[in-house]
Amino acid sequence: QVQLEESGGGLVQAGGSLRLSCADSGRTFSSFPMGWFRQAPGKEREFVAAIQWSGGNTRYADSVKGRFTISRDTAKNTVYLQMNSLKPEDTAVYYCAAQRKPYGLSASGVDFVNWGQGTQVTVSS
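Residues numbered from 1 in each chain as written. Predicted model: local features only at pLDDT ≥ 70, side-chain atom pairs only at ≥ 80, totals over all residues. Heavy atoms only, no water.

Visitor: Break down the side chain of Thr119 for me, with residues and values.
Guide: Position of Thr119 among the secondary structure elements: in strand E11 (residues 119–124). A distance of 3.1 Å separates a polar atom in the side chain of Thr119 from the backbone nitrogen of Gly9. In contact with Thr119, not counting residues within four places along its chain, are Glu6, Ser7, Gly8, Gly9, Leu20, Ala92, Val93 and Tyr94. (Helix = DSSP H or I, 4+ residues; strand = E, 2+ residues; numbered from the N terminus. Polar contact = N/O pair within 3.5 Å; in protein donor to acceptor, adjacent residues only side chain to side chain. Contact = heavy atoms within 4.5 Å.)

Visitor: How would you summarise the packing of aromatic side chains if you had to cite specific residues and measurements?
Guide: Within the structure shown, the criterion is met by four aromatic pairs. Ring centres 5.6 Å apart and planes at 75° place the aromatic pair Phe37 and Phe47 in the edge-to-face group. Here Phe37 is found in strand E4 (residues 34–39), whereas its partner Phe47 is found in strand E5 (residues 46–51), with ten residues between them in sequence. Note on Phe37: relative accessible area 1%, which makes it buried. Given a relative accessible area of 11%, Phe47 falls into the buried group. Between the aromatic rings of Phe37 and Phe112, the centroid separation amounts to 5.0 Å while the plane-to-plane angle is 75°, which identifies the pairing as edge-to-face. Residue Phe37 is located in strand E4, and its partner Phe112 is located in strand E10 (residues 112–113); the two are separated by 75 residues in the primary sequence. The residues Phe37 and Phe112 share a single accessibility class, namely buried. Taken together through their ring pairs, the aromatic side chains of Phe37, Phe47, Phe112 and Trp115 make up a single cluster. A cation over an aromatic ring shows up here: Arg45 above the ring of Phe37, its NZ or CZ 6.0 Å from the ring centre. Taking the ring centre of Trp115 as reference, the NZ or CZ of Arg45 above it sits at 4.0 Å. (Phe/Tyr/Trp six-rings, centres within 6.5 Å; stacked < 30°, edge-to-face > 60°. Buried < 20%, exposed > 50% of the residue type's maximum accessible area, 1.4 Å probe, protein only. Lys NZ or Arg CZ within 6 Å of the ring centre and 35° of its normal.)

Visitor: Account for the environment of Tyr94, with residues named and values stated.
Guide: Along the polypeptide, Tyr94 turns up in strand E9 (residues 92–99). Each C-alpha atom, one on Tyr94 and one on Lys65, is 16 Å from the other, the two residues being 29 residues apart in sequence.

Visitor: Kindly report on the environment of Ser108, identifying the contributing residues and their values.
Guide: Looking at the element boundaries, Ser108 is found in the loop between E9 and E10. As for Ser108 and Met34, which are separated by 74 residues in sequence, their C-alpha atoms are 12 Å apart.

Geometric descriptors of this kind do not, in isolation, establish any biological role.
Right, dumping it as structure tokens:
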């Protein structure tokens, strides 16, 4: 079973950067795509980015295109989310999850399983 753990969140000023990590302690990423989602207080969870575990295809929400970059290190069983030019509206708890199906890149949370506990990102203005 995939066991995911996020890290790297924190408090940063607007315009700053953070890099989130999502480690698979169960070492069972296999060939499944991975995704990052976020949820701000009082709002629904929203898609941020996803990546194929092999091949490197990626998908981004329009709100983060050009600012965030998703990547993966198969040797370390870790997925990263590099966040640059952060804005106060990026403040949220960020979660990683594994996609149910090994093909395609979904932006819907219902297509993902094995959610991590999340890491808080706070961007001050």
